[in-house]
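Tertiary structure, described
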Amino acid sequence: LTKKGPRTFINLRRQFRIMDDNNDGCISYPEFVKCLKDFGCNFSEGELKELFQRVDKMGAQKMNIDEFCREYVGEMSSSRRALVDEIFSRLDTNHDGLVGLNDVKLNFTARGHPDVRSGAKTQDEVLGDFINTIEAHMNLRSSKKDQRFTLEDFREYYNYVSMCYDDDTKFETMLRSCYRILSQETQPICKPI
């Protein structure tokens, strides 16, 4: 799942929510199995049970969707979170705690994206993928369609992106290459581990 990138977890989370008929934030084991199989995950029965039980620690036969994502995505390190917070702060020019997608579009550049550098995608395609993914994430978090998000939303989105980078320096380099508002002259926030 990690190799497929952040959009996979966002889409999987959306699929879990669709399965959650009573809107209690949980799904049953059969629903969990169906979701993963629909996503083309070929886990054995034993692996599926182990994945489910890691979240269903109390044996309630229900898995909390958010707990699943937290268990398998994990949390960003404090240095990564500080960089994401700095980006949000710079995007939030009127300091109301909300950033619009237009603000992101104006400050996001895909020039340094690996797919652009390799010629696999254009900058517009990468920007489109980015906007579609962050919109999908925003739609999961809120029924409001005002195209604005909070720091919590922004952190959550980049938490999914963070899981794709095992090295803090690479994560920081990626963010600095994607946001025009981060001056290259500022000191690195992520310290090599």
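Here is a short report on the structure shown in this document. (Residues numbered from 1 in each chain as written. Predicted model: local features only at pLDDT ≥ 70, side-chain atom pairs only at ≥ 80, totals over all residues. Heavy atoms only, no water.)

**Some details on helix α2 (residues 29-38)**
Every buried residue belonging to α2 is among Tyr29, Phe32, Val33, Cys35 and Leu36, and all of these are buried. Seen along its axis, α2 keeps its buried residues to an arc of 160°; they face one direction. Among the exposed residues of α2, those pointing more than 90 degrees away from its buried face are Pro30 and Lys37. (Buried < 20%, exposed > 50% of the residue type's maximum accessible area, 1.4 Å probe, protein only. Helix = DSSP H or I, 4+ residues; strand = E, 2+ residues; numbered from the N terminus. Arc of directions from axis to C-beta.)

**A word on the nonpolar core**
If you look at the biggest cluster of nonpolar residues, it comprises 52 residues, and the most contacted ones within it are Phe32, Phe154, Tyr158 and Tyr179. For this core, the leading source of residues is helix α8 (residues 123-141), giving 6 residues. Apart from residues no more than four positions distant in its own chain, Tyr179 is found in contact with Ile87, Leu91, Val104, Asn107, Phe108, Phe130, Phe154 and Tyr158. (Core = buried A, V, L, I, M, F, W, Y, C linked by side-chain atoms within 4.5 Å. Contact = heavy atoms within 4.5 Å.)

**Notes on the environment of Ser162**
With respect to the helices, strands and loops of the structure, Ser162 is situated in helix α9 (residues 151-162). Since its relative accessible area comes to 7%, Ser162 is described here as buried. Residues Ser162 and Glu75 lie 87 residues apart in sequence; the distance between their C-alpha atoms is 8.5 Å. Ignoring anything within four residues of it in the chain, the contact list for Ser162 reads Met76, Arg80 and Phe171.

**A short note on the packing of helix α3 (residues 45-55) against helix α4 (residues 65-73)**
Between α3 and α4, the shortest axis-to-axis distance is 9 Å and the interhelical angle comes to 110°. Relative to α4, α3 is oriented roughly perpendicular. Note on element contacts: α4 touches α3 through Glu67, Phe68, Glu71 and Tyr72, opposite Glu50, Leu51, Arg54 and Val55. In terms of residue class, the contact of α3 with α4 is made up of 4 nonpolar, no polar and 4 charged. (Axes fitted to C-alpha atoms, helices over the stretch in contact; angles between N-to-C directions. Parallel < 35°, antiparallel > 145°, perpendicular 65-115°, else oblique. Nonpolar A, V, L, I, M, F, W, Y, C, P; charged D, E, K, R; others polar.)

**Remarks on the pattern of salt bridges**
Side chains that carry opposite charge are capable of pairing whenever their charged atoms lie near each other. By the definition in use, this model includes 10 salt bridges. In the salt-bridge network here, residues are joined through shared partners; they are Arg54, Lys57 and Glu71. (Salt bridge = Lys/Arg side-chain N within 4 Å of Asp/Glu carboxyl O.)

**Brief notes about the packing of aromatic side chains**
Taken as a whole, this structure holds 17 aromatic pairs when the rule is applied. Geometrically, the ring pair formed by Phe32 and Phe52 is tilted, given 5.4 Å between the ring centres and 55° between the ring planes. Placement of the pair is Phe32 in helix α2 and Phe52 in helix α3, with a sequence separation of 20 residues. Pairwise contacts between aromatic rings join Phe88, Phe108, Phe130, Phe149, Phe154, Tyr157, Tyr158 and Tyr179 into one cluster. (Phe/Tyr/Trp six-rings, centres within 6.5 Å; stacked < 30°, edge-to-face > 60°.)

**Let's talk about unusual backbone geometry**
One non-glycine residue, Asn23, adopts positive backbone phi at about 55°. Phi at Gln61 takes a positive value of approximately 65°, unusual for a residue other than glycine. Within the element layout of this structure, Gln61 appears in the loop between α3 and β2 (62-64).

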